[in-house]
Amino acid sequence: MCKTRCVNTVVEHPAVHATVAAVWRKESARIVATVARYVRDIGVAEDLAQDALIAALEHWPRDGLPHNPAAWLMTTAKHRALDHLRHKQMADARHGDLASDQQAMHAHRVPDFSDGLDEARENAAIGDDLLRLIFTACHPVLAPQARVALTLKLLGGMNTAEIARAFLTTETTLAQRIVRAKRALAQAQVPFEVPKGAELSRRLGAVLEVIYLIFNEGYTATSGADWMRPALCDEALRLGQLLSEIAPGQTEVHGLVALMAIQASRTAARTDGEGNLVLLAAQNRARWDQRLIQRGLRALEQAQVLNQPLGSYRLQAKIAACHARAAHVDDTDWPHIAALYGELMQVAPSPVVELNRAVAVGFAEGPAAGLAVLDPLLCDRALQNYPWLPAVQGDLLEKLGRGALARAAYGRAAAMTTNEPEKRWLLQRIDAIGD
């Protein structure tokens, strides 16, 4: 079934399952995208990729871990696609005339995976496949939220619970949305391609939202033992760069690239030597990646040269640039950042943006002013399960010397979060305040 050699050792099942989960998280998007290029159906492609995952769970505990687990999964998924296309061709031959058979054979040509050159071309095409996958999942036949949810599921390797947290919705609602989205794409026979011209512009907004959500999941993981998943940040940056090359006249594309690059520059400073999180105000800015900062500032300049109206990503990039230009937290132009968040609330209003404005106002005008901005959000149902709402409240209360209330707010935040470093930081804040 798979030509990848396996290690001839016995491995405990829990270790195998952990390896499978880790590899799948990293490689699932590439596998689904590659298979989708052959079968031209995202739902079928995901099913075939899942078949490869099941095969790994069956074979690896018995045969040992492959030398290259990712290649094993990819090759197995391709062979599943090969079997699927052969069965489809036989079905077409039984139920159609010769002309329709030939048309089907052309549309669903069976790839030859035995050719090493084909394999090399496969590897070179994966980036394009991922881009096709995003645009296909973001087709207008789907509602905006369904486009984002489906693409994030396919490209981010995230489960429905994690995506539901990102959407501030329930897991059941999110799962139903994804199932309906895949069914709608199949029924509409949406082509697996990157659109051009006006169609590209029409579908760009949803694609940008997807890429930024992928980046955010990498920048601050919604759950698990890791504070960050840098591979997802790298993937989002790469996809953003691809978009900037095919849509160079779109200011929001450059704005998103600028925003992600500047935020990603802080990666090394966001944790200490023990893996504990370090928030922006306490970070050692000497550890910020100047190469990424310069890349972000150049992208922001490209966006400004286009002289188009300010959009949400360009505004967020301008905020990130304010932080990047400050050598020390005390040098930060907080009034300007608060004003930019005010503009962002006009362009793309959301409770999370307003929460960030409360933080900026707290630095610019004092914690009492920040609390005044934050207080109305405490009744916002969209943020009822968002741990950073009580976390910010706790920080502002702590600065005002209201320790008991701060402890309670941090406790509510710790009870909400499913990210272990985040929970540790919140519990440390509680301990630091004392009784």
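Residues numbered from 1 in each chain as written. Predicted model: local features only at pLDDT ≥ 70, side-chain atom pairs only at ≥ 80, totals over all residues. Heavy atoms only, no water.

Engineer: Requested: an account of the packing of aromatic side chains, with residues and values cited.
Structural biologist: According to the stated counting rule, one finds seven aromatic pairs in the structure shown. Note on tryptophan 60 and tryptophan 72: the rings are 5.4 Å apart at their centroids and 75° apart in plane angle, and the pair reads as edge-to-face. Taken together, the positions of tryptophan 60 in helix α2 (residues 42–63) and tryptophan 72 in helix α3 (residues 69–95) put the pair 12 residues apart, joining distant regions of the chain. Tryptophan 72 matches tryptophan 60 in its accessibility class, with the two residues each being buried. (Phe/Tyr/Trp six-rings, centres within 6.5 Å; stacked < 30°, edge-to-face > 60°. Helix = DSSP H or I, 4+ residues; strand = E, 2+ residues; numbered from the N terminus. Buried < 20%, exposed > 50% of the residue type's maximum accessible area, 1.4 Å probe, protein only.)

Engineer: For the pattern of salt bridges, give the residues involved together with the corresponding values.
Structural biologist: Charged atoms that come close allow side chains of opposite charge to pair. In this structure the tally under the stated criterion is 13 salt bridges. The shortest N-O distance in the salt bridge between lysine 399 and aspartate 395 comes to 3.2 Å. One end of the pair is lysine 399 and the other is aspartate 395, both in helix α17 (residues 388–399) and four residues apart, which spans about a single turn. With relative accessibility at 46%, the residue lysine 399 sits in the partly exposed group. Residue aspartate 395 is classed as partly exposed on the basis of its relative accessible area, which comes to 27%. Its salt-bridge partner being glutamate 398, residue arginine 429 comes within 2.1 Å of it at the nearest N-O pair. With arginine 429 in helix α19 (residues 420–433) and glutamate 398 in helix α17, this pair connects stretches of sequence that are 31 residues apart. In this structure arginine 429 comes out as partly exposed when scored by relative accessible area, which is 22%. Residue classification places glutamate 398 among the partly exposed positions, given a relative accessible area of 23%. (Salt bridge = Lys/Arg side-chain N within 4 Å of Asp/Glu carboxyl O.)

Engineer: Summarise the environment of cysteine 322; cite the residues concerned and give the values.
Structural biologist: Positionally, cysteine 322 belongs in helix α13 (residues 312–325). In this structure cysteine 322 touches His336, Ile337 and Leu340, once residues within four positions along its chain are discounted. (Contact = heavy atoms within 4.5 Å.)

Engineer: Quick one: what's the story with the side chain of arginine 203, residue by residue and with numbers?
Structural biologist: Positionally, arginine 203 belongs in helix α9 (residues 197–219). Residue classification places arginine 203 among the buried residues on the basis of a relative accessible area of 5%.

Engineer: Give a description of α17 that names residues and reports values.
Structural biologist: Counted at 1.5 Å a residue, the expected span for α17 with its 12 residues is 16 Å, and the 16 Å between its end C-alpha atoms agrees. Taken across its 12 residues, α17 has nine buried, putting it largely inside the fold. In this structure, the buried side of α17 is in contact with α15 (351–365), α16 (367–374), α18 (403–416) and α19. One or two positions beyond α17, positive phi appears at glycine 401, with a value near 80°. (Expected span 1.5 Å × (residues − 1).)

Engineer: Any details on helix α1 (residues 13–39)? Residues and values, ideally.
Structural biologist: For α1, which comprises 27 residues, the first-to-last C-alpha distance of 32 Å sits more than 12% below the rise-based estimate of 39 Å (1.5 Å per residue). The axis of α1 is deflected most strongly, by about 55°, at glutamate 27. Phi turns positive one or two residues past the end of α1, at arginine 40, with a value near 60°. (Bend = angle between axes of the 7 residues up to and from the residue.)

Engineer: Would you mind going over the packing of α18 against α19 in detail, with residue names and values included?
Structural biologist: Packed helix pairs are specified by the crossing angle of their axes together with the interaxial distance, meaning the distance between the axes. One can describe the packing of α18 onto α19 by two numbers: an axis separation of 9 Å at closest approach and a directional angle of 165°. It follows that α18 is roughly antiparallel to α19 by the angle criterion. For the element pair α18 and α19, the recorded crossing hand is left-handed. From α18, Gly403, Ala406, Arg407, Tyr410, Gly411, Ala413, Ala414 and Ala415 reach across to α19, where they touch Lys423, Trp425, Leu426, Leu427, Arg429, Ile430 and Ile433. Here the residues of the contact of α18 with α19 are counted per class, giving 10 nonpolar, two polar and three charged. (Axes fitted to C-alpha atoms, helices over the stretch in contact; angles between N-to-C directions. Parallel < 35°, antiparallel > 145°, perpendicular 65-115°, else oblique. Left-handed = near helix turned anticlockwise from the far one by under 90°. Nonpolar A, V, L, I, M, F, W, Y, C, P; charged D, E, K, R; others polar.)

Engineer: Provide a residue-level description of the environment of alanine 360, including the pertinent values.
Structural biologist: Summarising the element assignment, alanine 360 is placed in helix α15. In the structure, alanine 360 is positioned 19 residues away from tyrosine 341 in sequence and 8.2 Å away in space, judged by C-alpha atoms. Discounting residues that sit within four places of it in the chain, alanine 360 has contacts with Trp334, Ile337, Ala338 and Tyr341.

Engineer: Tell me about the environment of leucine 371, and please be specific about residues and values.
Structural biologist: One can find leucine 371 in helix α16. Its relative accessible area of 8% is what places leucine 371 among the buried residues. In this structure the C-alpha to C-alpha distance between leucine 371 and leucine 397, which are 26 residues apart in sequence, comes to 8.0 Å.

Engineer: Can you tell me about the nonpolar core, naming the residues and giving the values?
Structural biologist: The biggest cluster of nonpolar side chains holds 95 residues, and the ones touching the most others in it are Leu155, Ile211 and Leu243. The residues touching isoleucine 211, leaving out its near neighbours within four places in the chain, are Ile134, Ala236, Leu239, Gly240, Leu243, Leu256 and Met260. Listed in part, the 35 residues of the second largest apolar core include Ile319, Leu374, Leu383 and Leu397. (Core = buried A, V, L, I, M, F, W, Y, C linked by side-chain atoms within 4.5 Å.)

The analysis is restricted to geometry; functional conclusions fall outside its scope.
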